[in-house]
Amino acid sequence: MDTRPALDQGPLDAVDLADPLLHANHDLGPLWRRLRDEAPVHWQPENDSRPGFWVISGHADVVSVLSDSASFTSERGNVLDTLLAGGDSAAGRMLAVTDGQPHKALRSALLKPFSPRSLDVVVESVRRGTRRLVEEAVERGEVDFAADVAAHIPLAAICDLLGVPPTDRQHIIELTSSALSTEDGRPDEEATWASRNGLLLYFSELAAARHDKPYDDVVSLLVTKEIDGRPLTHEEIVFNCYSIIMGGHETTRFSMVGGLQALMERPDQFRALKSGEVTTSSAVEEVLRWTSPALHSGRTATQDLFLGDQFVEEGDIVTTWLASANRDGRVFAEPDEFDLARTPNKHLSFAYGPHFCLGAFLARAELTALLESLCDLVAEARPTGPPTYVYSNFLSGLSSQPVSLTGEPAGSRAPLTSSAGGGCPGTSDRRAAPGSGAPPVCTRPMV
């Protein structure tokens, strides 16, 4: 249960959703409820440090905005801080901040390496690596689950895809963890930009190396691929590598830690998962809905229009709050209950529309691997210290969660096989299975 003070009183205009401390220090569930009920299209007034922006909190309105890239463009940025600062320097060159035909062409090029068939080998590696991490955590007994387990699972998968050598991965963890959030208070603008520039520089050097010696990885794909009859520029390659690593690491890590926290608080749900009473497939979707690791997705209005009963002007910043939409009682029965058996589960944690998350299948596979390993190897998990929330107005999650893990007796553990089976009982029919034997993307050793 969230022990942070709830924010549920006072005028809505006085709440600054751009403030990262607000999100780290408060349970905003009651605030989201007020916004959905009282002001589903709410104007956040400007202040001395930033312009104003629209706050969209209801599920239907969020879907409407994210579906309409003609009226609400991503090309000026899709993260609130970037929009408030005047726009994204990668606009038109990075998939996440590109619309129209350039977006379709670039997304089409990237779909193959992120398809279930192509990810077969990567998913199998994720399963084995995740089991190993959980086994090691159980042997130690007490670990920081965020730093010692969850941080490494999505990073290993996305680095395998991009061709990042193992010796560089701790450096990548440090850079991605500080590029959009901090662990110790209000983000320092200079440090944040240093981390982002560090990632850009790293992938600039990696892309240059792949020009000289391509491998079977996504960086090499971008280096050699033509889009609309032309090769990608070096900047386009670097920006899209940056986008992939940022989108593929932090959000899944926070879902993993938040998922374990929810299971520790609700041991009946963990028992239901371990027994096969609920499937891993439905459990993964509920963890994604419950944790909502990406708080919002931003757009800019391209024309004057009405949204609900509010008049939105061309050029206005429009933010859709996925964390609120995922608790909308008009769509989810008992939305403030963590229910692993929830179905249907129309959560928006991967966004919606043309910018639906490219790595959704991989993220689901990573969460599946973690839940299966926890079911198989862990008899009991309990917190041994208070959680630490990240400071960000874009990401939501725990940077630290000390836990004690008690293992299942060795004789009761299911062996890890290379098939789609294994893990929690009764789940093989519905989980996100590996691919069907198509040639994988990453077939050569990383350099």
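Here, the structure is the one placed above.
What counts, and at which threshold
- All residue numbers refer to position in the chain's written sequence, counted from 1.
- Reporting in this predicted model follows two pLDDT cut-offs: at least 70 for local features of residues, and 80 or more for side-chain atom pairs to be given and counted; totals over whole chains, interfaces and linings ignore these cut-offs and use all residues.
- The basis for every side-chain value is the complete set of heavy atoms in the structure, and neither hydrogens nor water enter the calculation.
- Runs of H or I in DSSP of at least four residues are treated as helices and runs of E of at least two as strands, each being numbered from the N terminus.
- Throughout this description, buried means an accessible area under 20% of the type-specific maximum (1.4 Å probe, protein chains only), exposed means over 50%, and partly exposed covers the range between.
- Two residues form a contact once any of their heavy atoms are found within 4.5 Å.
- Here, Shrake-Rupley sampling with a 1.4 Å probe gives the accessible areas, and only protein chains in the shown set may cover a residue.
- Paired strands are those between which DSSP finds at least two bridges.
- Orientation is described by axes fitted as lines to C-alpha atoms, over the contacting stretch for helices, and by angles from 0 to 180 degrees between their N-to-C directions.
- Roughly parallel here means an angle under 35 degrees, roughly antiparallel means over 145, roughly perpendicular means 65 to 115, and every remaining angle is called oblique.
- Crossings are assigned a handedness: left-handed for a near helix turned anticlockwise from the far helix by less than a right angle, right-handed for a clockwise turn.
- Polar here means any residue other than Ala, Val, Leu, Ile, Met, Phe, Trp, Tyr, Cys and Pro, which are nonpolar, and Asp, Glu, Lys and Arg, which are charged; Gly is therefore polar.
- We count a salt bridge whenever a side-chain nitrogen from Lys or Arg sits within 4 Å of a carboxyl oxygen from Asp or Glu.

All right, on to the overall build of the protein chain then. The number of helices and strands found in the protein chain is 16 helices and 14 strands. Counting the 447 residues in the protein chain, one finds 57% classified as buried. Taking the contacts inside the protein chain whose residues are at least 6 apart along the sequence as the reference set, 72% of them involve residues at least 24 apart. On the protein chain, roughly 18,300 Å² of surface is accessible, and the fraction owed to carbon and sulfur atoms is 51%.

So, on to the sheet that holds strand β10 (residues 317-321). Spatial ordering of the open sheet is given by β1-β2-β10-β7-β3, a layout of five strands whose pairing is mixed. Here the strands that pair on one side only, and so sit at the sheet edges, are β1 (41-44) and β3 (72-73). Here helix α3 (residues 59-67) sits on the sheet in contact with β1, β2 (53-56), β3, β7 (296-301) and β10, set at roughly 130° to β10.

Attention shifts here to the packing of helix α6 (residues 120-140) against helix α8 (residues 152-162). Two elements in contact, α6 and α8, have axes whose closest approach is 10 Å; the angle formed by their N-to-C orientations is 150°. Relative to α8, α6 is oriented roughly antiparallel. As α6 runs across α8, the sense of the crossing is right-handed. Counting all contacts with α6, which are made through Val-122, Ser-125, Val-126, Thr-130 and Leu-133, the residues of α8 involved are His-152, Ile-153, Ala-157, Asp-160 and Leu-161. A class-by-class count of the residues in the contact of α6 with α8 yields six nonpolar, three polar and one charged.

What the rule picks out here adds up to 22 salt bridges. Note that Arg-127 and Glu-124 form a salt bridge whose closest N and O atoms lie 3.3 Å from each other. One end of the pair, Arg-127, and the other, Glu-124, are both in helix α6, three residues apart, so they sit about a helical turn from each other. Of the two residues, Arg-127 and Glu-124, neither departs from the other in class, the shared state being buried. One salt bridge connects Arg-169 with Asp-160, and the closest N-O pair in it is separated by 2.9 Å. The residues Arg-169 and Asp-160 share a single accessibility class, namely buried. Taken together, the shared-partner salt bridges in this structure form one network comprising Glu-124, Arg-127, Arg-128 and Glu-372.

Glancing now at the packing of α8 against helix α16 (residues 360-377). Where α8 contacts α16, the two axes come as close as 10 Å, and the packing angle between them is 140°. When the axis of α8 is compared with that of α16, the two are oblique. Handedness of the crossing formed by α8 with α16: right-handed. Residues Ile-153, Pro-154, Ala-157, Ile-158 and Leu-161 of α8 form the contact with α16, whose own contacting residues are Leu-362, Glu-366 and Leu-370. Residue composition of the contact of α8 with α16, grouped by class: seven nonpolar, no polar and one charged.

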